[in-house]
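Fold and geometry: a report
Below, each chain spelled out in residue letters.
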Amino acid sequence: MVEPLSPESFATLLAQTGVMLPPAEAEDLRQAHAKLMEMLAMLRDPPMPLAAEPAFTFAARDGA
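The rules behind each value
Residues numbered from 1 in each chain as written. Predicted model: local features only at pLDDT ≥ 70, side-chain atom pairs only at ≥ 80, totals over all residues. Heavy atoms only, no water. pLDDT = per-residue confidence, 0-100. Helix = DSSP H or I, 4+ residues; strand = E, 2+ residues; numbered from the N terminus. Salt bridge = Lys/Arg side-chain N within 4 Å of Asp/Glu carboxyl O.

Across the protein chain, the average pLDDT comes to 84, with 86% of residues at 70 or higher. Confidence, expressed as mean pLDDT per element, reaches its minimum in the protein chain at helix α3 (residues 54-57) with 66 and its maximum at helix α1 (residues 7-17) with 95.

Here it is as structure tokens:
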């Protein structure tokens, strides 16, 4: 599990981008950032081969 950034680090990132948010919204975004990093890590895994896709296994017959 990815740990959320520290509040200070996240405040620095917001300041560098010029984003100004109310404290409650900034905290929600900080928590969501960790979840986003977990999702991105899953995308970086090697993809499954195309043969694993059911659409390639069960093709429609010609004229069907």
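In the structure shown here, the tally under the stated rule is 1 salt bridge. Between Glu 27 and Arg 30 there is a salt bridge, with the nearest N and O atoms lying 2.9 Å from each other. With Glu 27 and Arg 30 both in helix α2 (residues 23-44) and 3 residues apart, the pair spans about one turn of that helix.

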